[in-house]
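# Topology and contacts: notes
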Amino acid sequence: LTPKDLAGRHVLVTAGPTREYLDPVRFVSNPSSGKMGFAVAERAVARGALVTLVSGPVSLPAPSGVTLMNVESAVQMRDAAMSVFGAADLVVATAAVADYRAAEPSNEKQAKTQGDAVIHLVPNPDILAEMGASKERRVLVGFAMETHAGVERAAGKARRKNADFILLNYPAREGSGFGGDDNEVTLVRPSGESEAWPRMSKRAVAERLLTAALEAYIQRNSV
Ligand code: PMT
């Protein structure tokens, strides 16, 4: 029997990739499938939470009982996530948000020209950092994918974004990161303290991270 230890808590999850359109038929994106975030949403609902899942374009069915908000771009993801952030107790940011978008997306399909093409990109809002700036009672969990100096870089991200911890996963390692059903992660705290978890299903990672987030929430709010 699943314990309903998240009853009364509102969990906000971001998932999937974002798409940053250059013109009506082309975009910048990444291979996130949404599996990690959908697993978190599914387990949180099973444990009694009220769950809002803000997802970029993926081909997964919404877990039952979850409020799903579909978005495409990082700006849309920010707007949707911030519209429910006020009510959230735990936030789990699994989304692979594009860091940049086109400065001037074209309304018309751009014709091919001779020679090289140059695209002017501008930075997207950092959703997790924006939440971190007004965190208050909430616990914020991020993810990070790093090819090198993973723990240091993840700890730096946790500090900059004011996240309670970051789960570092490894793009070049089989059974970790984009697309598959498993993940191998290291929990990294802002202090740089870290704990490597063995490879397990994304569902099991979700379960374990929700337990760690709830512990942090209880500690912070003495509930
Ligand atoms: O969807 P799957 O196929 O299951 O794959 C899961 C995953 C590999 C996408 C996931 O486990 C993961 O690692 N997600 C984060 C990817 C990443 O590289 O994040 P980042 O280092 O760009 O960002 C760090 C954190 O800040 C993340 O929690 C991210 O959601 C958040 N962020 C980043 C940029 C931005 N503009 N806004 C954000 O909120």
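Since the structure is predicted, the reported quantities are computational estimates derived from the model, not experimental observations.

### So, the UniProt feature "binding site: CTP" (unreviewed entry) in the protein
Using the residue numbers shown here, the UniProt feature "binding site: CTP" (unreviewed entry) corresponds to Asp99, Lys109, Pro125, Asp126, Ile127, Leu128, Phe143, Lys157 and Lys161. A maximum C-alpha distance of 36.7 Å shows the annotated residues, which cover 63 residues in sequence, to be distributed over more than one spot. Position of Asp99 among the secondary structure elements: in the loop between strand S6 (90-93) and strand S7 (100-102). On the neighbour-count criterion, Asp99 (13 C-beta atoms within 10 Å) is partly exposed. Non-local contacts of Asp99, meaning those with residues more than four positions away in its chain, are made with Pro123 and Asn124. Structurally, Pro125 can be placed in the loop between strand S8 (121-123) and helix H3 (127-133). Those residues within four positions of Pro125 in sequence are excluded, and the remaining contacts are Ala74, Val75, Arg78 and Glu130.

### Some thoughts on the pairing of S6
Looking down a regular strand, the side chains alternate between one sheet face and the other. Alternating positions in S6 separate into two faces, Leu90 and Val92 on one and Val91 and Ala93 on the other, with burial throughout. Direction of pairing for strand S1 (residues 10-15) relative to S6: parallel, over a ladder of four bridges. Within S6, the position partnered with Thr14 by the bridge is Ala93. Of the strand pairs in this sheet, S6 and strand S9 (residues 139-145) are connected by four bridges, and their pairing is parallel. Across the sheet, residue Val92 finds its bridge partner in S9, namely Val141.

### Points about the sheet that holds strand S4 (residues 50-55)
Hydrogen bonds between backbone atoms are what pair the strands of a sheet, whose relative direction is either parallel or antiparallel. If you trace the eight strands from one edge of the open sheet to the other, you get S5-S4-S1-S6-S9-S10-S12-S13, paired in mixed fashion. With one partner strand each, in any of the chains shown, strand S5 (67-70) and strand S13 (194-196) form the two edges of the open sheet. Each strand axis lies, on average, 15° off the axis of its neighbour in the sheet, ignoring direction.

### Let's talk about the environment of Ala44
Residue placement: Ala44 occurs in helix H1 (residues 35-46). By the C-beta count within 10 Å, which is 30 here, Ala44 ends up buried. Taking the C-alpha atoms as reference points, Ala44 and Glu207, 163 residues apart in sequence, are found 7.9 Å from one another. Every residue in contact with Ala44, bar those within four places of it in the chain, is listed here: Leu6, Val11, Ala49, Val51 and Leu210.

Rules used in this analysis
- Residues numbered from 1 in each chain as written.
- Predicted model: local features only at pLDDT ≥ 70, side-chain atom pairs only at ≥ 80, totals over all residues.
- UniProt positions renumbered as here; feature names shortened; annotations may be inferred.
- Helix = DSSP H or I, 4+ residues; strand = E, 2+ residues; numbered from the N terminus.
- Buried ≥ 20, exposed ≤ 12 C-beta atoms within 10 Å, placed from the backbone.
- Contact = placed C-beta atoms within 7 Å.
- Pairing = 2+ DSSP bridges.
- Axes fitted to C-alpha atoms, helices over the stretch in contact; angles between N-to-C directions.

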